[in-house]
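Secondary and tertiary structure notes
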Amino acid sequence: MTIKQHLFNGYSVAKETLDLYSEMQNLNRAAIKYAADIIKVGMNLSDIKTLCENYLLEHGADSFWYWDVGAFVFAGDETAVSVSGKDYKVTDRTVQENDIITIDLSPQKNNIWGIMQERLYLKMAFYVIKLTK
């Protein structure tokens, strides 16, 4: 059996591994879009975290690679705080109008992981999403 290899950041990687990495990154993008569509003023950050993690697991992830947390969710002044995954606890905060919401995702499948962090700006139930890589 021949394994097809590809260069990725200077390393030789099996095509299946590269495909799985792409799958996890695409899952991140889809989860962020999902979150942007469901987040409303008054939602609790814990509920957003749960919804994001359930979405990741229902759409291809088998676990979470960073301290077993699938979604780190911050809002308002919390978005400027840096927290280790080991110490992260979602706060009992509700989303307010004009909040900036940060969602950091860490799904994995077969030990291949993806990572994405996005900031969503909530204004009068409209979302502006700036995708960053």
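A brief report on the enclosed structure follows. Keep in mind that what you see is a predicted model, and the values were worked out from it rather than measured.

Let us now look at the nonpolar core. Counting 25 residues, the largest nonpolar core has Ile48, Val73, Ile103 and Leu105 as the members making the most contacts within it. Mapped by element, the contributors of at least two residues to this core are α1 (15–38), α2 (45–58), β4 (71–75) and β5 (100–105). Excluding anything up to four places from it in sequence, Ile48 contacts Ile39, Met43, Val73, Val95 and Ile103.

This part is about the pattern of salt bridges. Within this structure, the stated rule accounts for six salt bridges. Its salt-bridge partner being Lys109, residue Glu23 comes within 3.0 Å of it at the nearest N-O pair. A residue pair is termed long-range when its members are at least 10 positions apart, and Glu23 in helix α1 and Lys109 in strand β6 (residues 107–109) qualify at 86 residues. Lys109 gets classed as partly exposed once you look at its relative accessible area, which sits at 25%. For Asp37, the salt bridge is made with Lys33, and the minimal N-O distance between the two is 3.1 Å. On the criterion of helical spacing, the pair formed by Asp37 and Lys33 is a turn pair, its members being four residues apart in helix α1. Residue classification places Lys33 among the exposed positions, given a relative accessible area of 52%. Through salt bridges that share partners, Asp77, Arg93 and Asp99 make up one connected network.

Next up on the list: the pairing of β5. Here β5 lies mainly inside the structure; five of its six residues are buried. With five bridges joining them, β4 and β5 adopt antiparallel strand pairing. The partner of Phe74 across the bridge, within β5, is Thr102.

Let's shift gears to the sheet that holds strand β3 (residues 63–64). Strand order in the open sheet formed by three strands is β3-β6-β7, and the pairing between neighbours is antiparallel. At either end of the open sheet lies a strand with only one pairing partner, and these are β3 and β7 (112–113). Of the pairings in the sheet, the one linking β3 to β6 comprises two bridges and is antiparallel in character. Within β6, the residue paired with Ser63 across the bridge is Gln108. Sitting on the sheet, α1 is in contact with β6 and β7, with an inclination near 150 degrees to β6.

Axes are the key here: two packed helices are described by the angle between their axes and the distance separating the axes. At a minimum axis distance of 10 Å, the contact between α1 and α2 shows a crossing angle of 145 degrees. Along this stretch, α1 crosses α2, giving a crossing that reads as right-handed. Here Leu27, Asn28, Ala30, Ala31, Tyr34, Ala35 and Ile38 of α1 lie close against α2, whose contacting residues are Leu51, Cys52, Tyr55 and Leu56. Residue composition of the contact of α1 with α2, grouped by class: 10 nonpolar, one polar and no charged.

So, on to the packing of aromatic side chains. If you walk through the whole model with that rule in mind, you get six aromatic pairs. Between Tyr66 and Phe72, the aromatic rings sit 5.7 Å apart at their centres with planes inclined by 55 degrees, giving tilted as the arrangement. A relative accessible area of 30% places Tyr66 in the partly exposed class. Owing to a relative accessible area of 5%, Phe72 belongs among the buried residues under this scheme. On the numbers, 5.5 Å between centres and 70 degrees between planes, the contact of Phe74 with Tyr88 is edge-to-face. Of this pair, Phe74 sits in strand β4 while Tyr88 sits in the loop between β4 and β5; the two residues are 14 residues apart in sequence, bridging distant segments of the chain. Each member of the pair Phe74 and Tyr88 is classed as buried. An aromatic cluster is present here, built from Trp65, Tyr66, Phe72, Phe74, Tyr88 and Trp113 joined pairwise through their rings.

Procedures and definitions
Residues numbered from 1 in each chain as written. Predicted model: local features only at pLDDT ≥ 70, side-chain atom pairs only at ≥ 80, totals over all residues. Heavy atoms only, no water. Core = buried A, V, L, I, M, F, W, Y, C linked by side-chain atoms within 4.5 Å. Buried < 20%, exposed > 50% of the residue type's maximum accessible area, 1.4 Å probe, protein only. Helix = DSSP H or I, 4+ residues; strand = E, 2+ residues; numbered from the N terminus. Contact = heavy atoms within 4.5 Å. Salt bridge = Lys/Arg side-chain N within 4 Å of Asp/Glu carboxyl O. Pairing = 2+ DSSP bridges. Axes fitted to C-alpha atoms, helices over the stretch in contact; angles between N-to-C directions. Left-handed = near helix turned anticlockwise from the far one by under 90°. Nonpolar A, V, L, I, M, F, W, Y, C, P; charged D, E, K, R; others polar. Phe/Tyr/Trp six-rings, centres within 6.5 Å; stacked < 30°, edge-to-face > 60°.

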